[in-house]
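# Summary of the model geometry
Residue-level listing of the chains:
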Amino acid sequence: MTISGAWRRTARGAGLLAADGTVAASIFAEMSALAVRTGAVNLGQGFPDEDGPAVVLEAARQAISDGVNQYPPGRGQPVLLEAIARHQQRFYDLPVDPGSEILVTAGATEALAATILALIEPGDEVVTFEPFYDAYGGLIGLGGGIHRTVPLRAPDFQPDLDALRAVVTDRTRLIIVNDPHNPTGTVFPRHTLELIVELAHRHDALIVTDEVYEHLTFGAPHIPIATLPGAWERTITISSGGKTFSLTGWKVGWLSAPAAIVTAILAVKQFLTYVNAAPFQPAIAVGLDLPDSYFAHLASGMMHKRDVLAAGLRAAGFAISVPQGSYFIVADATPLGFSDGAELCRQLPALVGVVAVPITAFCSPAHRAEYAPLLRFAYCKKEALLDQASSQLAALSRPWARE
């Protein structure tokens, strides 16, 4: 059996194939396997080690007992569609029609996949910020698109607006905005978002926003691009319940957009998973209707965890960029004498019993050198585990630990 040259070129360009044609191993899989093998504290993968709200878990159990176990409607269960619409109105004063302008997906990743595959043609350019969530590059490649990036540079990881203006052209079909941003934790200010809308209008591009960390910002407000003047009609807003309710394994995501765009994306989505997570959909609906106090406590609790790990990383000798949102903190290993973050990540379990991932895993090959000394640590863990990791990382500040 042979694989077409076109597919092979696309997959290799997307980072899905190694040079010898075998499936490329993900750095995330490699680091997680290393954590299991060594017993190290895993601060590499971004998933919580505590379950979400009891009321949401109970709603899922009740749905299973009530027989909500077969295929749900293709757009999603009405109870969840209506809850998403209420959420958008409640938090952002954004009216969305639940029957035509929302689509439930198998996590935000499927929403991204269906959107990109539905809206680009081979040769279209897609702009993202770099570093970028690794799925973006793969999905753009699978759709035959050309990936263009705008760098986010330490220490604040905000884009150079002139660079953004230069990258977005009449060849641009999509501008993908991950805000709050993974892996850097940056939150884009209003003037940056307004420029994105301006450029989208000027070049007739669509905007895709990945907002899965929307409720995890620390002092900096989250501004959905769709709420800005002139943005709604060309914006696809994507989010999910995984990060907001610490239920990443449920894979319940959604998107909202003008009805015609949602219909175009549904035409692709129906051939991906078709539908998913029948008993979890009404449970996530319960979560979205939780009181404001839940969402405030979620953010304040995560900010505290951020600060615990930030202090530990500083004590270990890293230079850090304090994130304004998300699950992650970026640490620069240069002060410790390390210039290769990927190699340090492979050594950390033996050195101090902690796992991280290199920022180069989120970069295109052409730009990895610029980000080589940077590591991403996840702080979405129990405080006791973060204290343990901080204590172990402190050994890096002692020269003998690296001999």
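Residues numbered from 1 in each chain as written. Predicted model: local features only at pLDDT ≥ 70, side-chain atom pairs only at ≥ 80, totals over all residues. Heavy atoms only, no water.

## Considering the packing of helix α5 (residues 107-119) against helix α9 (residues 259-269)
The geometry of a pair of packed helices is captured by two quantities: the angle between their axes and the separation between those axes. Contact pair α5 / α9: the axes reach a minimum separation of 8 Å and the direction vectors enclose 105°. With respect to α9, the element α5 is oriented roughly perpendicular. Side by side, α5 and α9 meet where E110, A114, T115, L117, A118 and L119 of the first sit next to I261, A264, I265, V268 and K269 of the second. Along the lines of polarity and charge, the residues of the contact of α5 with α9 split into eight nonpolar, one polar and two charged. (Axes fitted to C-alpha atoms, helices over the stretch in contact; angles between N-to-C directions. Helix = DSSP H or I, 4+ residues; strand = E, 2+ residues; numbered from the N terminus. Parallel < 35°, antiparallel > 145°, perpendicular 65-115°, else oblique. Contact = heavy atoms within 4.5 Å. Nonpolar A, V, L, I, M, F, W, Y, C, P; charged D, E, K, R; others polar.)

## Some points on the side chain of N178
Examined against the element boundaries, N178 turns out to sit in strand β6 (residues 172-178). Residue class for N178 comes out buried when judged on its relative accessible area of 4%. Here the side chain of N178 touches N182 through a polar contact of 3.0 Å, landing on its backbone nitrogen. Looking at N178, its side chain comes within polar contact range of the main-chain oxygen of D210, at 3.1 Å. Non-local contacts of N178, meaning those with residues more than four positions away in its chain, are made with Y136, F188 and D210. (Buried < 20%, exposed > 50% of the residue type's maximum accessible area, 1.4 Å probe, protein only. Polar contact = N/O pair within 3.5 Å; in protein donor to acceptor, adjacent residues only side chain to side chain.)

## Section: the packing of aromatic side chains
This model, assessed by the stated rule, comprises 14 aromatic pairs. The interplanar angle of 80° and the centroid separation of 5.3 Å between the aromatic rings of Y294 and F295 together place this pair among those described as edge-to-face. You'll find Y294 and F295 in the same group, each marked buried. On the numbers, 6.0 Å between centres and 75° between planes, the contact of Y327 with F328 is edge-to-face. (Phe/Tyr/Trp six-rings, centres within 6.5 Å; stacked < 30°, edge-to-face > 60°.)

## Let's talk about the nonpolar core
By size, the foremost hydrophobic cluster in this structure holds 131 residues, and its most contacted members are I236, F318 and F377. Looking at which element gives the most residues to this core, the answer is helix α11 (residues 292-316), with nine residues. Not counting chain neighbours up to four residues away, the residues in contact with I236 comprise T115, L119, L206, I207, V208, T209, L255, S256, A257, I261 and I265. (Core = buried A, V, L, I, M, F, W, Y, C linked by side-chain atoms within 4.5 Å.)

## Here we look at the sheet that holds strand β7 (residues 206-210)
An order of β2-β9-β8-β7-β6-β3-β4-β5 is seen for the eight strands of this open sheet, with the pairing classed as mixed. Only two strands of the sheet have a single partner each, and these edge strands are β2 (102-105) and β5 (158-159). Strand direction decides the pairing type here: strand β3 (residues 125-130) and strand β4 (residues 146-153), joined by six bridges, are parallel. Across the sheet, E125 pairs through a bridge with I146, a residue of β4. (Pairing = 2+ DSSP bridges.)

## A short note on the sheet that holds strand β10 (residues 319-321)
In a beta sheet, neighbouring strands are held together by backbone hydrogen bonds and run either parallel or antiparallel to one another. In spatial order, the strands read β10-β11-β14-β13; together these four strands make up an open sheet with antiparallel pairing. The sheet terminates laterally at β10 and β13 (357-358), the two strands that pair on one side only. Across the sheet, α11 touches β10, β11 (328-332) and β14 (374-378), and the angle it forms with β11 is around 10°.

## Quick notes on the domain arrangement of the protein
Where interface size is given, it is often the accessible area lost as the parts come together that is meant. What the domain assignment reports for the protein is domain 1 (6-51 + 294-397) and domain 2 (54-290). The C-alpha-based centres of domain 1 and domain 2 are spaced at 24 Å. In this assembly, 36 residues from domain 1 lie in contact with 43 residues from domain 2. Overall, the association of domain 1 and domain 2 removes approximately 3,100 Å² of surface from exposure, summing both partners, and the carbon and sulfur fraction of that is 65%. In terms of surface lost to domain 2, no three residues of domain 1 exceed F295, Q324 and F362, which account for 24% of the buried area on that side. Scanning the region where domain 1 abuts domain 2 turns up one salt bridge. Between E370 and R153 there is a salt bridge; the shortest N-O distance is 2.5 Å. Connecting domain 1 to domain 2 are 15 residue pairs in polar contact (both at pLDDT 80 or more). For the side of domain 1 that touches domain 2, the elements supplying multiple residues, two or more each, are α1 (5-13), α11, β11 and β14. (Domains from an automatic or database assignment. Buried area = accessible area lost by both parts, 1.4 Å probe. Salt bridge = Lys/Arg side-chain N within 4 Å of Asp/Glu carboxyl O.)

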